[in-house]
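Chain and residue survey
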Amino acid sequence: MLMAREFDTAMLRLYRQGKAFGGVYSQLGNEAVSVGSAYALDTAQDVLFPMHRNIGSHFVFGQDLDQLMVNHLAREGSQMRGTDGTGHYADPARRIYGNVSHLGAMIPVAAGFSLADQLRGVTTVSLTFIGDGGAQVGEVHEALNFAAVHKIPLILIIENNQYAYSTPNSLEFACERLSDRAIGYGMYGTTIDGTDVELVYATCKEAVERARRGEGPSLIETKTMRMRGHAEHDDFSYVPKELLEEWSAKDPVETYITRIVNDGVMTADEITALREATLANMIAAIDRALERPWPAAEEGFKNVFMSV
Amino acid sequence: MQMTYLEAIADAMRHEMRRDERVFMIGEDIGAYGGAFKVTKGFLDEFGSKRIIDAPISEAAIIGSAIGASLNGMRPIVEMQFMDFITNGFNQVVTVAGTTAYRWGLPVPMVVRGPSGGGVGGNPFHSRNAEAWFAHATGIKVVCPAFPDDAKGLMIASIRDNDPVVFFEHKGLYRKIKGEVPEGEHIVPLGQARVVRTGTHCSVIAYGSAVHMALAAADALASEGIELEVVDIRTLVPFDEETVFQSVRKTGRVLVAHEAVLTAGFGGEIAARIADTAFRYLDAPVRRIAAFDSPTPFAPSLEQAVLPNAEKIQTAVRELCSF
Ligand SMILES: Cc1ncc(C[n+]2csc(CCOP(=O)(O)OP(=O)(O)O)c2C)c(N)n1
Ligand SMILES: [Mg+2]
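We now turn to the structure provided with this report.

Cut-off values and rules
The residue numbers shown here count from 1 along each chain, following its written sequence. All chains are assigned letters beginning with A, and all ligands numbers beginning with 1, in the order in which they are written. Totals for whole chains, interfaces and linings use every residue, but because this is a predicted model, local features are given only for residues with pLDDT of at least 70 and side-chain atom pairs only at 80 or more, for both listing and counting. Processing note: side-chain calculations cover all non-hydrogen atoms of the structure and skip hydrogens and water entirely. Runs of H or I in DSSP of at least four residues are treated as helices and runs of E of at least two as strands, each being numbered from the N terminus. For every residue, the accessible area (1.4 Å probe, protein chains only) is compared with the maximum for its type, and the residue is labelled buried under 20%, exposed over 50%, or partly exposed between those bounds. Whether two residues touch is decided by their heavy atoms; if any such pair falls within 4.5 Å, the residues are in contact. Working definition of accessibility: Shrake-Rupley area with a 1.4 Å probe, residue cover restricted to the visible protein chains. Nearness of a residue to a molecule or strand requires only that one of the residue's heavy atoms be within 4 Å of it. N or O atoms within 3.5 Å of each other form a polar contact, as long as, within protein, one can give a hydrogen and the other can take it, and as long as residues adjacent in sequence are counted only when both atoms are side-chain atoms. Under the scheme applied, nonpolar residues are Ala, Val, Leu, Ile, Met, Phe, Trp, Tyr, Cys and Pro; charged residues are Asp, Glu, Lys and Arg; polar residues are all the others, including Gly. The aromatic pairing rule takes the rings of Phe, Tyr and Trp, using the six-membered ring of Trp, and pairs them if the centres are within 6.5 Å, calling planes under 30 degrees apart stacked, those over 60 edge-to-face and the rest tilted. Note that a disulfide, as used here, is simply two cysteine sulfur atoms within 2.5 Å. Summed over both partners, the accessible area lost on bringing two parts together, with a 1.4 Å probe, is the buried area. Counted as salt bridges are all cases of a side-chain nitrogen of Lys or Arg within 4 Å of a carboxyl oxygen of Asp or Glu. Axes here refer to lines fitted to C-alpha atoms; in helices the fit is confined to the stretch in contact. Angles between the N-to-C directions go from 0 to 180 degrees. Should an angle fall under 35 degrees it is taken as roughly parallel, and over 145 as roughly antiparallel, whereas 65 to 115 is taken as roughly perpendicular and any remaining angle as oblique. Two helices cross in a left-handed way if the nearer one is turned anticlockwise from the farther one by less than a right angle. They cross in a right-handed way if the turn is clockwise. Two strands are counted as paired when DSSP detects at least two bridges linking them. Each metal's donors comprise the N, O and S atoms found within 2.8 Å of it (within 3.2 Å for Na, K or Ca). Water is not part of the atom list, so some coordination spheres may appear incomplete.

A separate point is the overall build of chain A. Of regular secondary structure, chain A possesses 11 helices and nine strands. With respect to the principal axes defined by its C-alpha atoms, chain A has extents near 60 × 50 × 40 Å. Split into buried and exposed, the 308 residues of chain A put 56% on the buried side. Taking the intrachain contacts of chain A between residues at least 6 apart in sequence as the baseline, contacts between residues at least 24 apart amount to 71%. Approximately 12,600 Å² of chain A is accessible, and the part contributed by carbon and sulfur atoms is 52%.

This brings us to the site of ligand 1. Residues and elements named next belong to chain A. Not every one of the 14 residues close to ligand 1 is listed here, only the nearest: H52, R53, S101, G134 and Y163. The side chain of R53 places a nitrogen or oxygen atom 2.7 Å from an oxygen atom of ligand 1. Between ligand 1 and S101 there is a distance of 2.8 Å, counted from a nitrogen atom to a backbone nitrogen or oxygen. Contact with the protein chains covers 70% of the free accessible surface of ligand 1, which is 580 Å². Split by residue class, the shell around ligand 1 holds four nonpolar, eight polar and two charged.

The geometry of an aromatic ring pair comes down to the distance between the two centres and the angle between the two planes. All names here are of chain B. Evaluation of the coordinates by the stated rule reveals 17 aromatic pairs over all chains. Summarising the aromatic geometry, the rings of Y5 and Y174 are spaced 6.1 Å apart at their centres and angled 55° between planes, so their arrangement reads as tilted. Remark: Y174 occurs in the loop between β7 (165-170) and β8 (178-180) and Y5 occurs in helix α1 (residues 5-19); sequence separation between them is 169 residues. Here Y174 falls in the buried class, since its relative accessible area comes to 1%. Geometrically, the ring pair formed by F90 and F134 is edge-to-face, given 5.4 Å between the ring centres and 65° between the ring planes.

The next point concerns the state of the cysteines. For the coordinates displayed, the defined rule picks out zero disulfides over all chains. The structure places no disulfide on C175(A), whose sulfur is separated from the nearest cysteine sulfur, that of C204(A), by 20 Å. Under the relative-accessibility criterion, C175(A) is labelled partly exposed at 28%. Here C202(B) is not cross-linked by a disulfide; its sulfur's nearest cysteine counterpart is in C321(B), at 4.8 Å.

Tallying the contact residues gives 43 residues for chain A and 38 residues for chain B. Both faces considered, chain A and chain B share a buried interface measuring about 3,300 Å² in area, 65% of it formed by carbon and sulfur atoms. Along the contact surface separating chain A from chain B lie zero salt bridges. With 10 residues, the single largest contributor to the side of chain A that touches chain B is helix α5 (residues 106-119) of chain A. A class-by-class count of the residues in the side of chain A that touches chain B yields 21 nonpolar, 14 polar and eight charged.

Moving on, we come to the packing of α1(B) against helix α6 (residues 148-160) of chain B. Residues and elements named next belong to chain B. Running from amino to carboxyl end, α1 crosses α6 at an angle of 30°, the nearest separation of the two axes being 8 Å. One element, α1, and the other, α6, form an angle in the roughly parallel class. The way α1 lies across α6 gives a crossing that is right-handed. Across the interface between the two elements, Y5, A8, I9, D11, A12, M13, H15, E16 and R19 from α1 touch P148, A151, K152, M155, I156, I159 and R160 from α6. Looking at the contact of α1 with α6, its residues break down into 10 nonpolar, one polar and five charged.

Quick look at the sheet that holds strand β5 (residues 111-116) of chain B now. Residues and elements named next belong to chain B. Overall, mixed pairing links the seven strands, which are arranged β3-β2-β4-β5-β7-β6-β12 in an open sheet. Each edge of the sheet is formed by a strand with only one pairing partner; in this case those strands are β3 (52-54) and β12 (235-237). Sheet twist, expressed as the average angle between the axes of neighbouring strands with direction ignored, equals 20°. Alignment of strand β2 (residues 23-27) against β3, held across three bridges, turns out to be parallel. Along β3, the bridge assignment pairs I26 with I53. Here α1 sits on the sheet in contact with β2, β3, β4 (75-79), β5 and β7, set at roughly 130° to β2.

Quick look at the side chain of T195(A) now. Residues and elements named next belong to chain A. One can find T195 in the loop between β8 (188-193) and α8 (197-212). At 2.7 Å, the side chain of T195 and the side chain of D193 are in polar contact. With sequence-adjacent residues up to four places away left out, T195 is seen in contact with A32, K223, T224, W247, K250, P252 and T255.

Below, the discussion takes up the coordination of the magnesium ion (ligand 2). Residue and element names in this part refer to chain A. The protein atoms that coordinate the magnesium ion (ligand 2) are D132 (OD), N161 (OD1) and Y163 (O), at distances of 2.0 to 2.1 Å. Spacing between the donor residues of the magnesium ion (ligand 2) along their common chain follows D-x28-N-x1-Y. Of the two residues, D132 is situated in the loop between β4 (126-131) and α6 (138-149) and N161 in the loop between β5 (154-160) and β6 (163-164); the sequence distance between them amounts to 29 residues.

Bringing the packing of α5(A) against helix α4 (residues 90-104) of chain B into the picture now. In the contact formed by α5(A) and α4(B), the axes pass within 11 Å of each other and the chain directions differ by 70°. Between α5(A) and α4(B), the interaxial angle falls into the category roughly perpendicular. Relative to α4(B), the crossing made by α5(A) is right-handed. Between α5(A), through M106(A), P108(A) and V109(A), and α4(B), the contact on the second element is made entirely by Q92(B), V96(B) and W104(B). The residue makeup of the contact of α5(A) with α4(B), split by class, is five nonpolar, one polar and no charged.

So, in structure tokens, the structure goes:
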């Protein structure tokens, strides 16, 4: 949780220094969703198809901080050779397959990854995400129906953070709960508070168990608030201040810290120290990445095909 | 063994499915029904429902899940009931499959195949020749066989290829064209054109159904003393420039022919490359014969009028030869 949060702190700092490259998509307010869900998987067997506000899940799947930053900032040594950046990389050894920008396009791909193992008689759960806006893309419908018909062990989390860029929920869909769609597909669906990491974990754990029992996919809507603009260039003045205030009281990281301290798991001082160290690690990793040159220009002419 | 174009394609897929457990098929009505054109007749009985998957009418989910299965070590063959419907899965082919090698260095050994082309009264939605879209998309190999032996050899090569392949079968050739096809393993590497008729006066560079139009034109023109060379490029991506240039150097006159519409068709690309590299060998401008720039109409009177044919090729060749 702290890594997820401090990654954003560090990226925001970089953006303000004018040194960020590409969009800076904050997951502020969404940490419990990406972290809690990823913890419910078996990172040695299952597979992660993260979206643009899921950096926390990369850490749960064991991504090396330096490699992540180099990938993110598209420096020499990036697993994408500079052909793409941010969290879009794939790291098959860590079972992470990043997204393309086209919202919804990776959901059938995630389903197909699990389908391949299903054909071999093995259960591999795919975890993937979509926003309240992206959930309106046609491919999402096709993929969910397909997964339900073939009982594919897919977990789709709809991250309902109230806005899709500047568009509020009311202009994106007319149903009450996005998880109600699950009924129409014949799959399990539920809507939960996405600021409670333990609740997200428990809900996903049940989904994983259903999938392992051969009961197919689950659709989980997590309710959160996007606490920053769509990306940092966006001043999000279209979001009512009261809404942000209301949700900042439910900050997933702060409420979890309070819980941990109250339960006596860690002291407030220990957490403060850990938090400072985490941020320092993030900043140091960014600095190391930025010391690297851009990838060599000739990379742009390579690997359009695996073989010609 | 004598086989139709359709039988040759089925033979290739059966051969690969027997040989390699990673190969499976997914599509609409391909199981018990055997596919709209019966290409997969008998496949369900032989390979079972785990390897012959009947999917809902969801082209994006079908192609997308095939990409996901590819990332997880499988080698899927996707049937589009008609190639026209690949538009519904276009995003998956172009955005996801076509960029994966470049972005991730990971193979997507998927073949998306199905019936394309007109001349059979299909209407605007069952007749399209969409190959140029994919040649323009980057990262996708594009195959358009004209003969049974090539259809088999190119299909096996496509299945074994580590890049996504879009494989256009011309539905008008399925049962019309028969020929000798090698039994068992037969591979035609992608990216090699084939000179299907040698001649000295003029070259026709073609693929798919247009190869047969060119051959018919060549027969007719032979009686007038014009010897046509016909080059079947067989694959658009990769494109075998060298065989094309060789023919141009030999004849000095070139007609490029395809059944797809003229504007921004692959013929324009071929003509441009000839102009770039072989200009000094040309005795006449490069001409193109292609379909009129319209959707493919339904009524035979209209369809025959807008599509290219052997007569149109003959007329163009005569003009080129008297230039
Ligand atoms: C198919 C598609 N259309 C448009 C876009 C541009 N776009 C990127 S993110 C975004 C808003 C997404 O909102 P949502 O799905 O709610 O996710 P959030 O960013 O709120 O987490 C848009 C419109 C895109 N990436 N893909
Ligand atoms: Mg949103």
